[in-house]
Protein chains: 2
Amino acid sequence: MKFKYYNDGDLRRQLTGDGFTVIYRVRGTEKEALEVAKNMCVEQTVEFPAAHIECPAIQDGILGDIDYTEDLGDGWQRVDIVYAAQTAGEDFPQLLNVIFGNSSILPDITVERVCLSESMKKTFPGPKFGVQGLRERLGVYGRPFTFTALKPMGLPPEALAEEAYRCALGGIDLIKDDHGLMDQPFAPFRERVEQAAAAVRRANEETGGHTAYIPNVSGSFRHMDERLQLAADCGCGGVMVAPGLVGFDLIGYAAEKTGLPVVCHPAFLGGNLDRGQGGIACPCLFGQLPRLAGADITVFPNFGGRFSLSEAQCAGIRNMASEDQGAIRAILPSPAGGMTFEKVGPMREFYGNDTALLMGGGLFTAPGTLTENCQRFLHELQ
Amino acid sequence: MKFKYYNDGDLRRQLTGDGFTVIYRVRGTEKEALEVAKNMCVEQTVEFPAAHIECPAIQDGILGDIDYTEDLGDGWQRVDIVYAAQTAGEDFPQLLNVIFGNSSILPDITVERVCLSESMKKTFPGPKFGVQGLRERLGVYGRPFTFTALKPMGLPPEALAEEAYRCALGGIDLIKDDHGLMDQPFAPFRERVEQAAAAVRRANEETGGHTAYIPNVSGSFRHMDERLQLAADCGCGGVMVAPGLVGFDLIGYAAEKTGLPVVCHPAFLGGNLDRGQGGIACPCLFGQLPRLAGADITVFPNFGGRFSLSEAQCAGIRNMASEDQGAIRAILPSPAGGMTFEKVGPMREFYGNDTALLMGGGLFTAPGTLTENCQRFLHELQ
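What counts and how
- Residues numbered from 1 in each chain as written.
- Chains lettered and ligands numbered in written order.
- Predicted model: local features only at pLDDT ≥ 70, side-chain atom pairs only at ≥ 80, totals over all residues.
- Heavy atoms only, no water.
- Pairing = 2+ DSSP bridges.
- Helix = DSSP H or I, 4+ residues; strand = E, 2+ residues; numbered from the N terminus.
- Axes fitted to C-alpha atoms, helices over the stretch in contact; angles between N-to-C directions.
- Least-squares fit on C-alpha atoms with pLDDT ≥ 70 in both.
- Contact = heavy atoms within 4.5 Å.
- 1 Å grid on protein atoms, 1.4 Å probe; cavity = no way out; pocket = protein on both sides within 12 Å on 5 of 7 lines; lining within 4 Å.
- Points joined across faces, edges and corners; volume = space filled by probe spheres on them.
- Nonpolar A, V, L, I, M, F, W, Y, C, P; charged D, E, K, R; others polar.
- Buried area = accessible area lost by both parts, 1.4 Å probe.
- Salt bridge = Lys/Arg side-chain N within 4 Å of Asp/Glu carboxyl O.
- Polar contact = N/O pair within 3.5 Å; in protein donor to acceptor, adjacent residues only side chain to side chain.
- Buried < 20%, exposed > 50% of the residue type's maximum accessible area, 1.4 Å probe, protein only.
- Arc of directions from axis to C-beta.

Caption draft 1: Expanded view of the sheet that holds strand 13 (residues 356-358) of chain B. Residue and element names in this part refer to chain B. A sheet is described by the order of its strands in space; here 4 strands give the open sequence 7-6-5-13, paired in parallel fashion. The two strands at the open ends of the sheet, each matched to only one other strand, are strand 7 (212-214) and strand 13. Across the sheet, the mean angle separating the axes of adjacent strands is 25° when strand polarity is ignored. Taken together, the 4 bridges between strand 5 (residues 145-150) and strand 6 (residues 174-177) define a ladder with parallel strand orientation. Note on strand 6: the bridge partner recorded for threonine 148 is isoleucine 175.

Caption draft 2: Broad picture of the relation of the copies chain A and chain B. When chain A is fitted to chain B, the best match, at an RMSD of 0.0 Å, comes from turning it 180° and sliding it 0.0 Å along the axis. The operation mapping one copy onto its partner corresponds to a two-fold rotation axis. Mapped onto chain B, 99% of the interface residues of chain A again fall at the interface, so both copies present the same surface.

Caption draft 3: Focus on the layout of surface pockets. Approximately 720 Å³ is the volume attributed to the largest pocket. Contributing to the lining of the largest pocket are 39 residues, with Glu43 of chain A together with Arg306, Phe307, Gly337 and Gly338 of chain B lying nearest its centre. The element contributing the most residues to the lining of the largest pocket is helix 2 (residues 30-43) of chain A, with 5 residues. Looking at side-chain class alone, the lining of the largest pocket contains 21 nonpolar, 10 polar and 8 charged residues. The calculated volume of the second largest pocket comes to roughly 460 Å³. Looking at the second largest pocket, it is lined by 30 residues, and the ones nearest its centre are Lys151, Arg306, Gly337 and Gly338 of chain A together with Glu47 of chain B. For the lining of the second largest pocket, the secondary structure elements donating two or more residues are strand 11 (297-301) and helix 16 (361-365) of chain A together with helix 2 (30-43) of chain B.

Caption draft 4: Structural detail: the interface of chain A and chain B. Contacts between the two partners involve 91 residues from chain A, matched on the other side by 90 residues from chain B. Counting each side, the surface lost to burial between chain A and chain B is near 8200 Å², with a carbon and sulfur contribution of 62%. Interface area lost by chain A to chain B is led by Ile105, Phe221 and Phe268 of chain A, which between them contribute 10%. Inspection of the chain A/chain B interface yields 4 salt bridges. The salt bridge involving arginine 222 of chain A is made with glutamate 256 of chain B; its shortest N-O contact spans 2.7 Å. Applying the counting criterion to the chain A and chain B interface returns 41 residue pairs in polar contact (both at pLDDT 80 or more). When contributions to the side of chain A that touches chain B are tallied by element, the ones reaching two or more residues are helix 1 (8-14), helix 4 (85-88), helix 5 (92-100), helix 8 (157-169), helix 11 (243-246), helix 12 (249-258), helix 13 (282-293) and helix 16 of chain A. Each residue belonging to the side of chain A that touches chain B can be placed in one class, and the counts come to 44 nonpolar, 29 polar and 18 charged.

Caption draft 5: Examining empty space enclosed by the protein more closely. One pass over the full model with this rule turns up 8 cavities of 30 Å³ or more. Reported here for the largest cavity is a volume of approximately 150 Å³. Taken together, 14 residues line the largest cavity, and the ones lying closest to its centre are Pro243, Gly244 and Asn272 of chain A together with Gly244 and Asn272 of chain B. Only helix 11 of chain A together with helix 11 (243-246) of chain B provide two or more residues apiece to the lining of the largest cavity. The residue inventory of the lining of the largest cavity, partitioned by class, reads 8 nonpolar, 6 polar and no charged. Together, Gly271, Leu273, Arg275, Gly276, Gln277 and Gly278 of chain A together with Gly271, Leu273, Arg275, Gly276, Gln277 and Gly278 of chain B line the second largest cavity. When grouped by side-chain class, the residues that make up the lining of the second largest cavity number 2 nonpolar, 8 polar and 2 charged.

Caption draft 6: Focus on the environment of glutamine 229 of chain B. Inspection of the secondary structure puts glutamine 229 of chain B in helix 10 (residues 224-233). When the C-alpha atoms of glutamine 229 of chain B and proline 243 of chain B are compared, they prove to be 19 Å apart, with 14 residues separating the residues in sequence.

Caption draft 7: Layout of the pattern of salt bridges. Residue and element names in this part refer to chain A. The full count for this structure, using the stated rule, is 38 salt bridges over all chains. Note that arginine 25 is salt-bridged to glutamate 112, the shortest N-O span being 2.7 Å. Remark: glutamate 112 occurs in strand 4 (residues 109-116) and arginine 25 occurs in strand 1 (residues 19-27); sequence separation between them is 87 residues. The network of salt bridges with shared partners includes Asp8, Arg12 and Asp60.

Caption draft 8: Examining helix 17 (residues 370-380) of chain A more closely. The complete set of buried residues in helix 17 of chain A reads Leu370, Thr371, Asn373, Cys374, Phe377 and Leu378 of chain A. Buried residues of helix 17 of chain A, viewed axially, fall in a sector of 165°; they line one side.

Caption draft 9: How the structure looks around the sheet that holds strand 12 (residues 332-336) of chain A. Residues and elements named next belong to chain A. Strand order in the open sheet made by the 4 strands is 8-9-11-12, with parallel pairing throughout. Strands at the two margins of the open sheet, each flanked by one partner only, are strand 8 (239-241) and strand 12. In this sheet, adjacent strand axes meet at a mean angle of 25° when their direction is disregarded. Inspection of the sheet shows strand 11 paired to strand 12 by 5 bridges, in the parallel sense. Opposite phenylalanine 300, over in strand 12, you have proline 335 as the bridge partner.

Distances and angles like these do not, on their own, reveal function.
This is the structure:
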């Protein structure tokens, strides 16, 4: 159909030629994958039969373009599609929507990597602190960060604050809420955050340390602004966001509202993981997307623990977190899940110094007091 | 470890015995699945070695309980786990977190269904309107709702508003933004919503109809409140939320802030779909979770179109949207994707009258004007 108010010249002026590329893997022969990719160029943008669009600038500038294909073997093809920057605008959720909105529902398509132009990195600038900023904030140099979690769910704020105090006395760098702590009657958000933050501050004053307490803010939007404000007011050292529960955009929002570092947690995100039938490739899901969204630290399940990621997948996450991305700062990968003292050395070897080693249960159940165990954790890294 | 401030009696008083059950499918023999389920009871709650929790009330009341198991054949077991209502508290994201937070990362676990107690349905009351409320708002009785989308991306607000006007003149019930329309330079949110809402209002005044215009609000949280307010101020007939992009909780938040019906869109949600290796079962993902979160209409890809859902999966979504759930209102399933006039009759037969048939491209590309095609769409259902 013809549109009375459509002006080809106006749209061409708005489309600056700036864009981003998404690298997909598609199952099939080269011919089949090309057919799928052609449909994706439409599905991810205009979602309208391309032959019926009587607007040349939309045909030329809004539809995705297939930029590169490669046979990867094993019945999979690489397909790169370039999209105009303007299809995403300045909303991070809409960027994700162009990357994998409707195509997420199709089988046998995997998002491997997103490549933003330099000018798009100004719109989506990534983390505010990154590895270097965190080192400066916490005074941690030449070693990985030590990281633990307050647990278990069911304890009152006083007991969780006591844990935080003991860990901070032991010199741990980062303490987060367990991701299951939100605003339960036995440990309401306000009381927990006020008391844990005060306990860590007291310990820092005693030791001269810089332990950061990082509450979980992955709750209802109804209370989001007040909780973020409380975290900032209490002098928390960061906030934790689970994008699977509250959306990737909340990472950047929380960073902006609090001015604090943000920890990304993988809860409820795992369903998106490519397990061979399409989805988001592990390094992209747990490494690149959190970084693009503005997280300073990304928590993910380490290989060899109770989760199922492979060593190669974890190496991929590490690389996506730390590789040179121009203006977008490198972030700390934070392998977690079943970590014990025995693994500290090998994990440092594998992940390098730019990592936050997250030991939860292992720190609480090892012989010795919690404070001694935190000291030992730190000692193993010096 | 012992906790100085822990009081078993306090926690027991807070745990009222109220709870919810999640029905999972787990791959393995009965013995293997039981082992997985035992770990899930811990993983989804305390995330702490159960043997080391020296707090009886946490052991008794916070950890999940395996309630039922059944061999489903083909190497899969059904496992029902009961969780205390207090583990979720009153935050919808935390309810999702207990249902499938960390377990989403494990392979071969599928969420089939969530069963809330009657008292939890007061905390999570579902949609405000539901099928009956929408019928009363729009004056639609004895037939399915007709539904279309403004497209394609790249048109200016004036052209999209013109489309909306033509569709409303033709008596269509529901008009949503295409899910790719957010806040792009060629059609900024404010201008688009103001103009489309005004165009639909003008058509309604001319025809005496009740067409609802439903803008997409699945953008950045930075602008969420102002966009929701604008939608309400412009007299929109609802708002559309893609929980894959902005989280399921935003559905209830948008409903509360605007007082309007909410349409759930599946963009970026498909990665979570169980494709035989774990995830969220299709009827739960596209039917039950949107309903629990408070959506009045849930859009999903119809079988036989360009997406891959089966007839059985779509029947499952329909059933989850409409089955008796006590205080939680039934909602409209809205099958979409490649719908044409030829499918109107068979789809009505399959989905029944309590459905919103979403025809996008098919309505725009059929012979006849847009207004005529909307009239024909309606006519086919009378």
